Amino acid sequence: MDFTLSPELKQLRARTRSLVDDVLQPLELEAEQNGGRLSAEAHARVKRAVLASGLNAANIPTQYGGAGLNLTEQIVMHEQLGRLTNCLWVLVWSPSNVLVHGTPEQIERYLLPDVRGDHRHAYAITEEHAGSDARGIRAEAVRDGDVYRLSGKKWFVTDGDIASYFLVLAWAVDGLERQPTLFIVDKDLPGVEMTDDPDFTHNFPYRHPEYTFTDAPVPVDAVLGEVGQGFDLTGEWFIEERVHIAARCCGACDRLIELGTEWALEREQFGGRIFDHQAISFMLADCAAEVTAARLLTYYVGQLHDSGADPKLVHAKASMAKLIASETAGRVADRVVQIFGGRGYMRRNPAERLWRELRVDRIWEGTSEIQRLIISRGLERRGVPQLLEL
Ligand SMILES: Cc1cc2nc3c(=O)[nH]c(=O)nc-3n(C[C@H](O)[C@H](O)[C@H](O)COP(=O)(O)OP(=O)(O)OC[C@H]3O[C@@H](n4cnc5c(N)ncnc54)[C@H](O)[C@@H]3O)c2cc1C
């Protein structure tokens, strides 16, 4: 097993890094000081830079205008994006991978403009009574002639403020049949309303509002994939998202360790560098060892996926990567804040921002407990050897 990066992967890493360092990182403080928001001019500049870099829609096949990167390549890219604070990585858009299951008309109307960055969508699964247990959703779309009448309430709809359409997971009800289904729902349909817009711990470029759907008339041809495929498609989306999160957590750790090491070597107390107190340098040593383990696991999942391994096995291993990388990032951020002392508690310090922002990686796209549930089910169903062997 070879984990050295090929010249092509190194080139991709450098291309992403220059977008991160030259275009996005300079916007971090503006975002922080404005509750995450950036000016329209900054958004336009970033959009031009992302398109010029060719990293837009990196996960979408080239036939639709995306960069067509395999999962390992996406990991290389997301690692670099993870260095950013204020979740500015979200500005380098990757449309939901499941859109490729659309009909030719859906691809033309929704996916292609997403790929070009002309509009965005939001993925609405979570509800008041259905978080970790997505099967507990109550949203219903009841067949009524040529439309489904969609009713329900979705929480935490990331990008919901700027999205022009939603992928809504709901039960398609047709007579006695009731099947989990993904619907493409235009935001301007009657009966679609933003009903709450709470603030969160991080200052993110977009919002995570609540949406209420009241008898919204969703055309029957707005089903993505097939009626009944809602959970399967959402599972497909989760796997890719979890690997992206794992990769970004590794990149965040890299920046944190760089900042912490630089500071520890420079800062003097009690007549010498704080780095020379092993209480400090050993924290950095733990950070370096733990992120290397998380990174190897993440790249291994990428290789496994790209070699065409059993999707169920990839599912369990992607959960391992998300669990380990997000928990590692939480520890690394906490230690680096400690190494900075009072300066680590200042919002102008990227370590402070990452410490706050990385917290959600243990919650969204399945909490750490849910990743453990997936892994332990894998042990039971697929057997210990298959789950543990490389
Ligand atoms: C900033 C942000 C953005 C989000 N964006 C989106 C989005 O775009 N679209 C979307 O659909 N959702 C989104 N979410 C929702 C997110 O996916 C859920 O918050 C997450 O899945 C957890 O669900 P919950 O909050 O309802 O917690 P709950 O499911 O209520 O869990 C509460 C606690 O109980 C634990 N728990 C639950 N079940 C078990 C179990 N079986 N075993 C052990 N422990 C368990 C959990 O791990 C957690 O610690 C977002 C959330 C946040 C915070």
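Source: prediction; values computed, not measured.

Attention shifts here to the overall build of the chain. Along the backbone of the chain there are eleven helices and ten strands. What you see for the chain is a C-alpha radius of gyration of 22 Å, in line with the 21 Å of a compact globule of 390 residues. With respect to the principal axes defined by its C-alpha atoms, the chain has extents near 80 × 55 × 40 Å. In the chain, which comprises 390 residues, the proportion classed as buried is 54%. Put simply, 73% of the contacts in the chain that link residues at least 6 apart link residues at least 24 apart. Carbon together with sulfur atoms contributes 52% to the accessible area of the chain, which is approximately 17,400 Å² in total.

Attention shifts here to the site of the ligand. Lining the immediate surroundings of the ligand are 16 residues, of which Thr126, Ser132, Phe156, Thr367 and Glu369 lie closest. Take Tyr123: an N or O atom from its main chain is 2.8 Å from a nitrogen atom of the ligand. Considering the ligand on its own, with 980 Å² of exposed area, one finds that the protein chains cover 65% of that surface. Elements supplying a minimum of two residues to the shell around the ligand: strand S1 (121-124) and helix H10 (368-381). Across the shell around the ligand, the residue classes tally to eight nonpolar, six polar and two charged. The residues that make up the shell around the ligand include at least three from each of domain 2 (121-224) and domain 3 (231-388).

The subject of this paragraph is the packing of helix H1 (residues 7-24) against helix H3 (residues 40-53). It is at 11 Å that the axes of H1 and H3 come closest, and there the two elements cross at 165°. Looking at the two axes, H1 sits roughly antiparallel to H3. Handedness of the crossing formed by H1 with H3: right-handed. Where H1 approaches H3, its residues Arg15, Leu19, Val23 and Leu24 are matched on the opposing element by Val46, Ala49, Val50 and Ser53. Taken together, the residues that form the contact of H1 with H3 break down as six nonpolar, one polar and one charged.

This paragraph deals with the domain arrangement of the chain. Here the domain parsing of the chain yields domain 1 (7-116), domain 2 (121-224) and domain 3 (231-388). The centre of domain 1, based on its C-alpha atoms, is set 24 Å off from the matching centre of domain 2. At the interface, 22 residues of domain 1 touch 19 residues of domain 2. For the pair domain 1 and domain 2, the summed buried area comes to about 1,600 Å², and 56% of that belongs to carbon and sulfur atoms. Sorting the residues of domain 1 by area buried against domain 2 places Val90, Gln106 and Tyr110 first, and these three jointly supply 29% of that buried surface.

Taken as a whole and assessed by the stated rule, the structure comprises 24 salt bridges. The salt bridge partner of Asp159 is Arg120, with a shortest N-O separation of 3.4 Å. With Asp159 in the loop between strand S3 (147-154) and strand S4 (165-174) and Arg120 in the loop between helix H5 (104-116) and S1, the pair connects residues that are 39 residues apart, well separated along the chain. According to the relative accessible area criterion, Asp159 is buried, its value standing at 8%. Here Arg120 falls in the buried class, since its relative accessible area comes to 16%. Note that Arg295 is salt-bridged to Asp254, the shortest N-O span being 2.6 Å. Separated by 41 residues along the polypeptide, Arg295 in helix H7 (residues 278-306) and Asp254 in helix H6 (residues 230-266) bring together distant segments of the chain. On the accessibility criterion, Arg295 (22% relative accessible area) is partly exposed. The network of salt bridges with shared partners includes Glu32, Arg347, Glu352 and Arg356.

A few words on the environment of His121. The topology assignment puts His121 in strand S1. We classify His121 as buried; its relative accessible area is 9%. Separated by 45 residues in sequence, His121 and Phe166 have C-alpha atoms that sit 5.3 Å apart. Look past the residues within four positions of His121 in its chain and what remains in contact with it is Pro95, Ser96, Leu99, Asp114, Asp159, Ala163, Tyr165 and Leu167. One polar contact links His121 to Ser96, side chain to side chain, over a distance of 2.7 Å. Looking at His121, its side chain comes within polar contact range of the side chain of Tyr165, at 3.3 Å.

The subject of this paragraph is the state of the cysteines. In protein chemistry, a disulfide is the covalent bond that joins the sulfur atoms of two cysteines. Across all of its chains, the model carries zero disulfides by this definition. There is no disulfide at Cys250, and the cysteine sulfur nearest it, in Cys253, is 6.3 Å away. A relative accessible area of 1% places Cys250 in the buried class. Judged by relative accessible area, Cys253 falls into the buried class, the value being 1%.

A surface patch of nonpolar side chains, amounting to about 450 Å² of accessible area, comprises Met1, Phe3, Leu296 and Leu390. Taking the relative accessible area as the measure of exposure, Leu296 reaches 42% and is therefore partly exposed.

What counts, and where the lines are drawn
Residues numbered from 1 in each chain as written. Predicted model: local features only at pLDDT ≥ 70, side-chain atom pairs only at ≥ 80, totals over all residues. Heavy atoms only, no water. Helix = DSSP H or I, 4+ residues; strand = E, 2+ residues; numbered from the N terminus. Rg over C-alpha atoms; globule rule 2.2 N^0.38 Å. Buried < 20%, exposed > 50% of the residue type's maximum accessible area, 1.4 Å probe, protein only. Contact = heavy atoms within 4.5 Å. Areas by Shrake-Rupley, 256 points an atom, 1.4 Å probe, with all protein chains shown as cover. Near = heavy atom within 4 Å. Polar contact = N/O pair within 3.5 Å; in protein donor to acceptor, adjacent residues only side chain to side chain. Nonpolar A, V, L, I, M, F, W, Y, C, P; charged D, E, K, R; others polar. Domains from an automatic or database assignment. Axes fitted to C-alpha atoms, helices over the stretch in contact; angles between N-to-C directions. Parallel < 35°, antiparallel > 145°, perpendicular 65-115°, else oblique. Left-handed = near helix turned anticlockwise from the far one by under 90°. Buried area = accessible area lost by both parts, 1.4 Å probe. Salt bridge = Lys/Arg side-chain N within 4 Å of Asp/Glu carboxyl O. Disulfide = S-S within 2.5 Å. Patch = residues over 30% accessible without salt bridge, like charges linked within 9 Å, V, L, I, M, F, W, Y side chains within 5 Å.

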